[in-house]
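Take a look at the letters that make up each chain.
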Protein chains: 2
Amino acid sequence: MSSRSQTIADKLTRAIIDHRLVPGCKLGERELSEIFNVSRIVVRQALIRLADDGLAQIERNRGAFVAKPSMQEAMEIYDALTLVEQGVAAQLSDRLGPAGWAELRQHVERQRQAVAAGNDALADVLGQEFHTVFVRLSRNKVMQEIHAQLVRRTTLLRSLITADFDYCNLLDDHSRVVDLLEKGRLKQAMDLIDTHHRAVVRGYIMDREVFPEMTPAEALVPYLDGTVDAATTAGPLRRMAKSPGNGKAASHLHIHLPKADPAPASRASNKKTNRGLPS
Amino acid sequence: MSSRSQTIADKLTRAIIDHRLVPGCKLGERELSEIFNVSRIVVRQALIRLADDGLAQIERNRGAFVAKPSMQEAMEIYDALTLVEQGVAAQLSDRLGPAGWAELRQHVERQRQAVAAGNDALADVLGQEFHTVFVRLSRNKVMQEIHAQLVRRTTLLRSLITADFDYCNLLDDHSRVVDLLEKGRLKQAMDLIDTHHRAVVRGYIMDREVFPEMTPAEALVPYLDGTVDAATTAGPLRRMAKSPGNGKAASHLHIHLPKADPAPASRASNKKTNRGLPS
DNA sequence: ATCACAAGATTGGATACCAATCAACATTTT
DNA sequence: AAAATGTTGATTGGTATCCAATCTTGTGAT
C-alpha cells in the first residue's frame, strides 16, 4: 500500500483528467483535507506531486490551483508528445513482432466497434488508450512514464478547448499509422502522427475562461471510497444533488465521464481502482 | 522564492549528481532535518520531489534511499535520452537558424579548449552541458524539463560504472553531430547520437556495490549556504541560495571508487553498507 | 470614487505526539 | 552451536496544534 499522499494525488489526478476539476480551480489545503479526511500536510504532499506532474501549480503563499497552461505551453506539450510518439514509432517499425502488431490492430478494431455502436464515451477512452498501448509496446518503462505524463497534460488541456472532435477521423489515423508502420513506411507514419496531433491542437481556443460547475467537494465525491471514516459522512452515497449554498454561475459545459475505468496507468506504484461507485 | 522543500530537494539533487551521495545511500529524515536545520516534514516533501524525479526511491516504512537503478532501467534511461535527442535533432535540422548553429559550435569549441588545457573537470561539465544546450535550442520548455530529468538520471548512473571515458571521442561526436545536422544529413546525425549513447552505456558494469565515502552530513556540507546554524536569525542573507554556480564549478570532484571487490555480488547477507564508517 | 489601512483568512512551517512497522538484539529451543 | 523465536529500540507515516508571514478583503478617510 503506497503512501496516503500518493493516494490523494492519484484521486486528484483522476478528477482533473476527468474534467471534474477544471484549470484555475483553487485547491485549498483546508478544504481538501476536510474532503479527504486527512491532515493538511498530506494534502500538501499530494499537491507537490501534482505540481511536479504539471497538473497543478503552486503559488507561494497563495496556494495550489489546477494548472492552466498557456497556448504556448499547450503547443509545447503536443510537440513533445509528437516527438515521443514518432520516436517510439521508429523503434517499433524495427523491432515489433507479429504479436505487437496484432495487439495494435485489435485495439483499433475495438474502438471501431465502439464508434459503430454509438458509444462515444468508450470510443473516446479507447482512442486515448491507443497511444498508451502504442508506447507500452516499446517496453521502456521510463518512456512510458514520460509519455503518460504528457498524455495527462493533454487531457487536462481538453478542458480549455471547444472540443468537438471527429473521432472517426482520428480513428482512421490510428489505423493508418499501424498500417504504414507495419509496411515499413516509417517516414509517412511519422508525418501522420504529426498531423494527427496538429489536428487536435488546431481546434484549441484557449482565451476562454472556464468556470467550474461544482465545488471541489462535489467534484471529488466519486473518488472517495470506503476508507473514509464514517464519523462525519453520510456515506459515500452522497449524490451531487446536494448543493451547500454557493451555486456559482454554472456555464453550459457538458462533462461526460467514461463508464469503464481504463486505469490510465499513471504511476507504476498505484493501481487501485476506486471508481466503481454507484452513481 | 520557492518553498523550502524545493530548496532542500535542489541541494540533494546536486549532491547526488555530484556523486557525493551514491546510490543506495540512506536518506534518513531525522538526519537530514538536522543537517539542514529544518523540520522532518520539509525533508519528507523534498524526498517526495526526489522520488518523483527518479533520483530517490521511497520504501514504505523503511525510508528513502538514493536510487539504485538496475541495468535494465539504465538502458531504458539511455534509450529514452537517445529518442529525445534524436527527435530534437530532427527538429533542429529543419528549424535552427545560423545563430543556433553558432552557439553549438562555440560550445564545442569551449570544450575543446578545456580539453587542450587539461582541465578535465571543466571538460566534463561542458560535455554534459552540450546536450542541454542542444535541447534548449528546440525552444520547448516541456521538452527541456523532460530531457533535464533524463540527464540527471544518467548522471546518477555514472556513480555505478567503472568510468573511464574517452572525452576526446565524445567531444568529436558532438562536433560531428553539429556538422552533420547543419549539412542536413539528419539520418547520419541520429545514428551518431545513438552510437554516442551506446558508447557510454557499454562501459557500464553495474553488478558492483558502491560504498559511500562519507556520511550524508559530510557529503552535504558544500550545499549548506552561509549560515548553517542560523535558526534564530533566519537570515535575509540567504538570497543567493539558488545560484547554481557555486555548486557546479567548485564542487565537482573525482571520486575514487573502491577497488573491485571479489565479494559476493548479489547475496544480501551483509546489508550493512550504510554509513561509510572508517573500516 | 480612490487610496490607505486594519482585520481576517490562508499558506508555509515548527513542534510534539502517536501508531505501525522494521531491524537488530537477546533468548530459547533443538 | 545453530536455528528459530520473542523483545526492544529506532524510524517512518501521520495527526493535531501552534505560529509567523503573506495575501485578500472590507472598511474608513480623503
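Quantities reported herein were computed from a predicted structural model and do not represent experimental measurements.

K.L.:
What is the right way to read the interface of chain B and chain A from this model?
P.N.:
Often the size quoted for an interface is simply the accessible area lost on bringing the parts together. Contact residues are listed per partner, giving 32 residues for chain B and 32 residues for chain A. In this assembly, chain B packs against chain A so that about 2400 Å² is buried in total across both faces, 58% of it on carbon and sulfur atoms. Sorting the residues of chain B by area buried against chain A places Glu76(B), Leu83(B) and Val142(B) first, and these three jointly supply 23% of that buried surface. Joining chain B to chain A, the criterion identifies two salt bridges. Note that Asp79(A) and Arg95(B) form a salt bridge whose closest N and O atoms lie 3.8 Å from each other.

K.L.:
What am I meant to see in the sheet that holds strand E1 (residues 26-27) of chain B here?
P.N.:
Adjacent strands of a sheet form backbone hydrogen bonds with each other and so pair up, either parallel or antiparallel. Residues and elements named next belong to chain B. Strand order in the open sheet formed by three strands is E1-E3-E2, with antiparallel pairing between adjacent strands. The open sheet terminates on both sides in strands that have one partner only, identified here as E1 and strand E2 (56-59). Sheet analysis places E1 next to strand E3 (residues 63-66), joined by two bridges and oriented antiparallel. Note that in E3 the partner of Lys26 across the bridge is Phe65.

K.L.:
How should the confidence of the model for chain A be read in this particular structure?
P.N.:
Detailed reading of the predicted coordinates is not advisable wherever pLDDT is low. Predicted confidence across chain A gives a mean pLDDT of 78, with 71% of residues reaching 70 or more. Averaged pLDDT values over the elements of chain A bottom out at 66 in helix H10 (residues 216-219) of chain A and peak at 97 in helix H3 (residues 40-52) of chain A.

K.L.:
Could you clarify how one ought to interpret helix H5 (residues 98-116) of chain A in this entry?
P.N.:
Three- or four-residue spacings in an α-helix give side chains the same orientation, since the helix completes a turn every 3.6 residues. Residues and elements named next belong to chain A. Here H5 contains 19 residues, and its C-alpha end-to-end distance of 27 Å stays within 8% of the 27 Å for a straight helix at 1.5 Å per residue. Residues Gly100, Trp101, Leu104, His107, Val108, Gln111 and Ala114 constitute the buried set of H5. Taken around the axis of H5, the buried residues stretch over an arc of 150°, which confines them to a single face. In H5, the exposed positions that point more than 90 degrees away from the buried face belong to Pro98, Ala99, Gln106 and Ala116. Gly118 occupies a position one or two residues after H5 and carries a positive phi of about 75°.

K.L.:
I tried to follow the pairing of strand E3 (residues 63-66) of chain A on my own but got confused; where do I start?
P.N.:
The two faces of a sheet get side chains in turn, since along a regular strand they alternate between them. Residue and element names in this part refer to chain A. Examined bridge by bridge, strand E2 (residues 56-59) and E3 share four bridges and lie antiparallel to one another. Residue Ile58 lies in a different strand from E3, and its bridge partner there is Ala64. A loop of three residues connects E2 with E3, the two strands running antiparallel in sequence, and Asn61 in this loop sits at a positive phi of about 60°.

K.L.:
Can you help me understand the protein's contact with DNA strand D in this one?
P.N.:
For DNA strand D, the set of nearby residues contains 19 residues, the closest of which are Arg4(A), Ser39(A), Val42(A), Arg62(A) and Glu29(B). Taking all atoms of DNA strand D within 4 Å of the protein, the share assigned to sugar and phosphate is 75%. Between DNA strand D and Ser39(A), the relevant distance is 2.7 Å, taken from a phosphate oxygen to a side-chain nitrogen or oxygen of the residue. Within the side chain of Arg44(B), a nitrogen or oxygen atom sits 3.1 Å from a base nitrogen of DNA strand D. Those elements that place two or more of their residues in the surface near DNA strand D are H3 of chain A together with helix H2 (29-36) and helix H3 (40-52) of chain B. Of the residues that constitute the surface near DNA strand D, the class distribution is four nonpolar, six polar and nine charged.

K.L.:
Teacher, can you tell me more about the domain arrangement of chain A here?
P.N.:
Residue and element names in this part refer to chain A. Along its sequence, chain A is carved into domain 1 (1-68 + 209-255) and domain 2 (71-202). On the side of domain 2, eight residues touch domain 1, which itself brings twelve residues to the contact. Roughly 970 Å² is buried in total at the junction of domain 1 and domain 2, and carbon and sulfur atoms are behind 67% of that figure. Remark: the boundary between domain 1 and domain 2 carries one salt bridge. Note that Asp53 is salt-bridged to Arg152, the shortest N-O span being 2.8 Å. Applying the counting rule to domain 1 against domain 2 returns two residue pairs in polar contact (both at pLDDT 80 or more). Among the elements that make up the side of domain 1 that touches domain 2, the one with the highest residue count is helix H1 (residues 4-17) (three residues). Of the residues contributing to the side of domain 1 that touches domain 2, the split by class is seven nonpolar, three polar and two charged.

K.L.:
What should I look at first to understand the relation of the copies chain B and chain A in this one?
P.N.:
Two copies of the chain are present, and they differ by a rotation about an axis and a shift along that axis. After a rotation of 180° and a shift along the axis of 0.0 Å, chain B superposes on chain A with an RMSD of 0.1 Å. What the superposition gives is, in effect, a two-fold axis relating one chain to the other. When the interface residues of chain B are mapped onto chain A, 97% of them again fall at the interface, so both copies present the same face.

K.L.:
What is the right way to look at the packing of aromatic side chains in this model?
P.N.:
Given two aromatic rings, their pairing is described by the distance between the two centres and the angle made by the two planes. All names here are of chain A. Applying the stated criterion across every chain yields a total of two aromatic pairs over all chains. On the basis of an interplanar angle of 25° and a centroid distance of 6.0 Å, the ring pair of Phe130 and Phe134 is categorised as stacked. A residue pair is termed a helical-turn pair when its members lie 3 or 4 positions apart in one helix, as Phe130 and Phe134 do in helix H6 (residues 120-136) at four residues. Each member of the pair Phe130 and Phe134 is classed as buried.

Rules of the game
- Residues numbered from 1 in each chain as written.
- Chains lettered and ligands numbered in written order.
- Predicted model: local features only at pLDDT ≥ 70, side-chain atom pairs only at ≥ 80, totals over all residues.
- Heavy atoms only, no water.
- Contact = heavy atoms within 4.5 Å.
- Buried area = accessible area lost by both parts, 1.4 Å probe.
- Salt bridge = Lys/Arg side-chain N within 4 Å of Asp/Glu carboxyl O.
- Pairing = 2+ DSSP bridges.
- Helix = DSSP H or I, 4+ residues; strand = E, 2+ residues; numbered from the N terminus.
- pLDDT = per-residue confidence, 0-100.
- Expected span 1.5 Å × (residues − 1).
- Buried < 20%, exposed > 50% of the residue type's maximum accessible area, 1.4 Å probe, protein only.
- Arc of directions from axis to C-beta.
- Near = heavy atom within 4 Å.
- Polar contact = N/O pair within 3.5 Å; in protein donor to acceptor, adjacent residues only side chain to side chain.
- Nonpolar A, V, L, I, M, F, W, Y, C, P; charged D, E, K, R; others polar.
- Domains from an automatic or database assignment.
- Least-squares fit on C-alpha atoms with pLDDT ≥ 70 in both.
- Phe/Tyr/Trp six-rings, centres within 6.5 Å; stacked < 30°, edge-to-face > 60°.

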